[in-house]
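# Coordinates in review
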Amino acid sequence: MNWLNTVALLLVAYLAVFCESSCRGFRNLFGAQIDLLPALIAYAALSAGISTVAVLATLGGLWFDSLSANPLGISVLPLFVVGFAIHYWRELILRDQRYAQFLLGLAASALVPVFTLLSLFGAGADPLMDWWSLWRWLVMSVGGGAFTPVFFCLFDRLNRAFSYQPLPQTSFRPDREIKRGRVPHMDH
Amino acid sequence: MLKRQYYIAFGLVLFVVLVVLNLPDQKAARLKLAIGGLFLPLFGMAGSAQNLADQAGKTFTSRSALLAELDRLRRENQQLQSQLLQAQEAWRENAQLRRALGWQQRALWPLKPARVIGHDPANWWRTILIDVGRRDEVRTNMVVLTPDGLVGRITHVGFSQSHVVLVGDPNCRFSVQIQQLTDKGIVAKGIISPSASSLDRLLVDLIFVPGGSLLKPGQSVVTSGDGGIFPKGLAVGHVVDVRTNDFGLNLEARVKLAVNLNHLEHVWVILQ
């Protein structure tokens, strides 16, 4: 992981928050807006250090709240907690499998809104909650899950394009080379 | 066992969150608008791109379509001018009667046009961002509307952008009155509240209507002027259906909003 990937993650988070605010397609089609930050956090937690996860959760959460009616800073901790958990158990996760990425994004996108709503209720806010909130939650979870493999693909390509790639180890070993022909005569 | 860097990261994030959440309301609002201001270049670029796309679309409109549109607008203009003459006469008569009765004179609303540049990314609020702010003399709690009716009120004001809480948000409850279909007489009063049972963002609940009121589908709902924020008589919507609550003590109704909040592009702010 390098600084370029951290900057790219922050840039994509910034653009994602902007798109969530300005694009109405999903909202008009499904009645809910998809949140892309949990999917990004899932990617960052599997591919970067905990410091990158912390910076992404802090800046992403603050950007999200600045365009929302949420109290400023309320989204930071839910994002970080999910990123922290994935980062802690990342050795146990099959990060290269597409379905694993989808399920990870699904779980992150499902948990972040729940934690955020719990934080909002804890802070004494009165968010819009009804039976259709379950539908919105489903749309957010599946949408976030679907975008997670896209982010993995995008950042992997970015890494391949801009990062130094070490040459793969060759299986050739000079000491096991078969010498053909006569053994040279050795003078004593 | 957690590593040391986990503790440091968790501690730092927790510290930032606690500091930001415990800021005084005014400072938190300023910080929020300042951070939101980082997105203004992108919102500006999106607006310019949309304008360019609109202009490009107009370039390809045929001459006959433009002439037909011109003809339609001319007729509409003539109709509106005749209506304006009638309205001016009614306004003058109304002012004379108010003067005769010693009532306070009504002033025309100074309106400021604004463009909707963003929506709330969270699904549990209904707010929008508009491109007018302190530099345009916009203040908190000013009313936002369209020619169709009420949109909401301003909650936070930045230098060049403002947050508007929409009708149907939990933070935008207000008193309304229901008018008869025929003579516009007042049927009852109630409170507009978010709908608890509809995915449709254009449906809101009308609650605390006294039992026995003659509520009927189709009746128009307008602001009552109680509460001091929304002026009296702004169109809110119309009654869709009515149900009895609390063993007939109260009535509840669903109201279809007059303004399509899903496709807001331009709004007006009443500078009062």
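In the block above lies the structure referred to throughout.
So, a few notes on the structure that sits alongside this text. Owing to the predicted nature of the structure, the values given are computational and were not obtained by experimental measurement.

### Let's talk about the overall build of chain B
When helices and strands are tallied, chain B shows four helices and 12 strands. The C-alpha atoms of chain B give a radius of gyration of 23 Å, which is well past the 19 Å a tight globule of 272 residues would have. On the principal axes, the C-alpha backbone points of chain B span a range of 80 × 65 × 40 Å. Burial analysis of chain B (272 residues in total) assigns 40% to the buried set. Across chain B, the mean location of the 30 positive side-chain charges is 6 Å away from that of the 21 negative side-chain charges.

### With respect to the sheet that holds strand β12 (residues 266-270) of chain B
What the six strands build is a closed barrel, ordered β1-β2-β5-β4-β3-β12 (chain B); its pairing is antiparallel. Neighbouring strand axes in the sheet, compared pairwise and without regard to direction, differ in orientation by 45° on average.

### Here's the deal with the packing of aromatic side chains
The tally for this structure, following the rule as stated, stands at 15 aromatic pairs over all chains. Look at A:Tyr14 and B:Phe39: their rings are 4.8 Å apart centre to centre, the planes differ by 20°, and that puts the pair in the stacked class. Of this pair, A:Tyr14 sits in helix α1 (residues 3-22) while B:Phe39 sits in the loop between α2 (25-36) and α3 (40-59), each in a different chain. Among the residues examined, B:Phe39 registers a relative accessible area of 0% and is labelled buried. Measuring from ring centre to ring centre gives 6.5 Å for A:Trp63 and B:Phe39, while their planes differ by 85°; the resulting arrangement is edge-to-face. With A:Trp63 in helix α4 (residues 50-66) and B:Phe39 in the loop between α2 and α3, this pair bridges two chains. Since its relative accessible area comes to 11%, A:Trp63 is described here as buried.

### Details of the side chain of A:Thr58
Position of A:Thr58 relative to the elements: it lies in helix α4. Among all residues touching A:Thr58, those that are not within four sequence positions of it are A:Val76, B:Val13 and B:Val16.

### Topic: the interface of chain B and chain A
Taken together, the 49 residues of chain B in the interface contact 50 residues of chain A. Contact between chain B and chain A buries roughly 4600 Å² in total, counting both sides, with carbon and sulfur atoms accounting for 69%. In this structure, B:Arg173 engages A:Asp126 in a salt bridge whose closest nitrogen and oxygen atoms are separated by 3.1 Å. Our enumeration of links across chain B and chain A arrives at 15 residue pairs in polar contact (both at pLDDT 80 or more). For the side of chain B that touches chain A, the secondary-structure elements that each account for two or more residues are α1 (4-21), α2, α3, β1 (111-119) and β2 (127-130) of chain B. The element that contributes the greatest number of residues to the side of chain B that touches chain A is α1(B), accounting for 10 residues.

### Quick word on the pattern of salt bridges
Here the structure, examined in full by the defined rule, presents 13 salt bridges over all chains. Notably, a salt bridge pairs A:Asp130 with A:Arg136, separated by 3.5 Å at the nearest N-O pair. Each member of the pair, A:Asp130 together with A:Arg136, is buried. We note a salt bridge from B:Arg243 to B:Asp205, for which the minimum N-O separation is 3.9 Å. One end of the pair, B:Arg243, is in strand β10 (residues 235-245); the other, B:Asp205, is in strand β8 (residues 203-210), and 38 residues separate them in sequence. Judged by its relative accessible area of 33%, B:Arg243 is partly exposed. Relative accessible area serves as the criterion here: at 6%, B:Asp205 is assigned to the buried category. Through salt bridges with shared partners, a single network forms among B:Glu69, B:Arg72 and B:Glu76.

### Things to note about the pairing of β10(B)
Residues and elements named next belong to chain B. Alignment of strand β9 (residues 220-223) against β10, held across three bridges, turns out to be antiparallel. Considered in β10, the bridge of Val-222 is made with Ala-235. Sheet topology places β10 next to strand β11 (residues 250-257); eight bridges connect them, and they run antiparallel. Pairing of Arg-243 across the sheet is with Glu-252, part of β11. What sits between the antiparallel neighbours β10 and β11 is a turn of four residues, in which Asp-246 has the positive phi angle 50°.

### Concerning unusual backbone geometry
Residue and element names in this part refer to chain B. A positive phi angle, near 70°, is found at Asn-141, a position not held by glycine. Notably, Phe-208 is not glycine yet its phi reads approximately 60°, a positive angle. Relative to the elements of secondary structure, Phe-208 occurs in strand β8. Judged by relative accessible area, which is 56%, Phe-208 ranks as exposed.

### Re the nonpolar core
Nonpolar side chains tend to gather and get buried jointly when the protein is soluble and globular. Core analysis: the largest hydrophobic core is formed by 62 residues, its most contacted members being A:Leu40, A:Leu56, A:Phe80, A:Phe155 and B:Phe39. Within the residue set of this core, elements represented by two or more residues are α1, α3 (37-47), α4, α5 (76-88), α6 (98-122) and α7 (132-162) of chain A together with α1 and α3 of chain B. With sequence-adjacent residues up to four places away left out, A:Leu56 is seen in contact with A:Leu9, A:Leu10, A:Ala13, A:Leu40, A:Ile41, A:Ala44 and A:Gly61. The next biggest cluster of nonpolar side chains, apart from the first, holds 45 residues, and it includes B:Leu150, B:Phe230, B:Val259 and B:Leu264.

### Some thoughts on the environment of A:Phe64
Topologically, A:Phe64 is positioned in helix α4. Note: C-alpha distance between A:Phe64 and A:Arg24 (40 residues apart in sequence) is 16 Å. What A:Phe64 contacts, discounting residues up to four positions off in sequence, is A:Val17, A:Glu20, A:Asp35, A:Leu37, A:Asn70, A:Ser75, B:Pro121 and B:Ala122.

### Some points on the side chain of B:Gln219
All names here are of chain B. One can find Gln-219 in the loop between β8 and β9. Since its relative accessible area comes to 1%, Gln-219 is described here as buried. Within the structure, Gln-219 has its side chain in polar contact with the backbone nitrogen of Lys-216 (distance 2.7 Å). Residues contacting Gln-219, with those up to four places away along its chain left out, are Ile-178, Gln-179, Gln-180, Leu-181, Val-187, Leu-214, Gly-237, His-238 and Val-239.

What counts, and at which threshold
- Residues numbered from 1 in each chain as written.
- Chains lettered and ligands numbered in written order.
- Predicted model: local features only at pLDDT ≥ 70, side-chain atom pairs only at ≥ 80, totals over all residues.
- Heavy atoms only, no water.
- Helix = DSSP H or I, 4+ residues; strand = E, 2+ residues; numbered from the N terminus.
- Rg over C-alpha atoms; globule rule 2.2 N^0.38 Å.
- Buried < 20%, exposed > 50% of the residue type's maximum accessible area, 1.4 Å probe, protein only.
- Lys, Arg positive; Asp, Glu negative; His and termini not counted.
- Charge placed at Lys NZ, Arg CZ, Asp CG, Glu CD.
- Pairing = 2+ DSSP bridges.
- Axes fitted to C-alpha atoms, helices over the stretch in contact; angles between N-to-C directions.
- Phe/Tyr/Trp six-rings, centres within 6.5 Å; stacked < 30°, edge-to-face > 60°.
- Contact = heavy atoms within 4.5 Å.
- Buried area = accessible area lost by both parts, 1.4 Å probe.
- Salt bridge = Lys/Arg side-chain N within 4 Å of Asp/Glu carboxyl O.
- Polar contact = N/O pair within 3.5 Å; in protein donor to acceptor, adjacent residues only side chain to side chain.
- Core = buried A, V, L, I, M, F, W, Y, C linked by side-chain atoms within 4.5 Å.

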